[in-house]
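Close look at the chain arrangement
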Amino acid sequence: MTLALQRNTVDDSPIPPGAEQGEFALSKALVTLTSEVTAAAEALRALRTYVMAQHLEKGRRALAICAPTSGVGCSTVAANLAVSLSQIGVKTLLIDANLRHPVLDQLFVPPEPVEGLQQCLRSGAGHFGDYIESDVLPDLSIMFAGGVPENPQELLATGRFEELMNFCLRDFQMTILDTPPANNCSDSRRVSTVAGYSLIVSRRNKTLVNDVKTLISQLENERARVVGTVLTEG
């Protein structure tokens, strides 16, 4: 599936906080929160419909959002998809599994630094829920990255990460995972393998077709099913 989204709503660069919801300041890039009808918001809702019909209703409860290169809007697509699912009552968890350059804390800005995936994987014990920010929005919880570790690939390779995913599959109807660009590291392939399914984000006039084909091949070789692609514009 291919969707065209405007660049200014899918830019991964930091964006000043917008309206506040509880203790979190929300970025203006979260276009699915606005009541205004825009092409970008409608495209993201169409993506939600696709995910509901082709993914969630078939019992698949996790989806890694991947991109072959940086700067295509992967993080904002992940965030808006998670928000959109929560708006229709799907109990959703959004995980910042981009331990190289996490940005979800710039889209949902916590009042102070919070622990997240890094600390969860380092701990080796403790309840997974202790590292999750519950009800950031109704039916939307978030596990932030918790900063940038020195050894992200090693942390994601642990059995603790697989245990975390099993917890997510039990406790949430849908888990969305943001991942780093695939051309810089193998993290996104690892996350996709554990999640089981992935959605690829690319940008018109920037992403090379061969890069997308290579990423699809790599994911399939590691037994992660690619459920579709999203094309952003800009």
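Residues numbered from 1 in each chain as written. Predicted model: local features only at pLDDT ≥ 70, side-chain atom pairs only at ≥ 80, totals over all residues. Heavy atoms only, no water.

**A closer look at the overall build of the protein**
Along its length, the protein carries 8 helices and 11 strands. Across the 234 residues of the protein, 54% fall into the buried class. Of the roughly 10100 Å² of accessible surface on the protein, a fraction of 46% belongs to carbon and sulfur atoms. (Helix = DSSP H or I, 4+ residues; strand = E, 2+ residues; numbered from the N terminus. Buried < 20%, exposed > 50% of the residue type's maximum accessible area, 1.4 Å probe, protein only. Areas by Shrake-Rupley, 256 points an atom, 1.4 Å probe, with all protein chains shown as cover.)

**Some thoughts on the packing of aromatic side chains**
Enumeration according to the criterion identifies 2 aromatic pairs in this entry. When the centroid spacing of 6.2 Å and the interplanar angle of 15 degrees are considered together, the rings of Phe24 and Phe144 count as stacked. Residue Phe24 is found in strand β3 (residues 24-27), and its partner Phe144 is found in the loop between β8 (140-143) and α5 (152-156); the two are separated by 120 residues along the sequence. Note on accessibility: Phe24 and Phe144 belong to one class, buried. Measuring from ring centre to ring centre gives 5.5 Å for Phe128 and Phe167, while their planes differ by 40 degrees; the resulting arrangement is tilted. Here the residue Phe128 occupies a position in the loop between α4 (117-123) and β7 (133-137), and Phe167 occupies one in helix α6 (residues 159-171), the gap between them amounting to 39 residues. Since its relative accessible area comes to 7%, Phe167 is described here as buried. Above the plane of the ring of Phe172 lies Lys91, whose end atom (NZ or CZ) is 5.2 Å from the centre. (Phe/Tyr/Trp six-rings, centres within 6.5 Å; stacked < 30°, edge-to-face > 60°. Lys NZ or Arg CZ within 6 Å of the ring centre and 35° of its normal.)

**Remarks on the environment of Leu155**
Looking at the element boundaries, Leu155 is found in helix α5. Those residues in contact with Leu155 that lie beyond four places of it in its chain are Gln118, Leu121, Arg122, Pro149 and Phe161. (Contact = heavy atoms within 4.5 Å.)

**What to know about the packing of α6 against helix α7 (residues 187-195)**
Where α6 meets α7, the closest approach of the two axes is 10 Å, and the angle between their N-to-C directions is 45 degrees. Judged by the angle between their axes, α6 and α7 are oblique. α7 is crossed by α6, and the crossing has right-handed handedness. Between α6, through Phe161, Glu162 and Met165, and α7, the contact on the second element is made entirely by Arg190, Val191 and Val194. (Axes fitted to C-alpha atoms, helices over the stretch in contact; angles between N-to-C directions. Parallel < 35°, antiparallel > 145°, perpendicular 65-115°, else oblique. Left-handed = near helix turned anticlockwise from the far one by under 90°.)

**Side note on the confidence of the model for the protein**
In this model, the protein carries an average pLDDT of 88, and 89% of its residues clear a pLDDT of 70 or more. Predicted confidence is poor over residues 7-17, with pLDDT under 50, and the contacts of this stretch with residues over four places away or in other chains come to 34 contacts. (pLDDT = per-residue confidence, 0-100.)

**Describing unusual backbone geometry**
Residue Asn205 is not a glycine yet carries a positive backbone phi of 65 degrees. On the secondary structure map, Asn205 appears in the loop between β10 (197-203) and α8 (209-221). Judged by its relative accessible area of 77%, Asn205 falls in the exposed class. Despite not being glycine, Arg223 shows a phi value in the positive range, around 65 degrees. Turning to its location among the elements, Arg223 is positioned in the loop between α8 and β11 (225-232).

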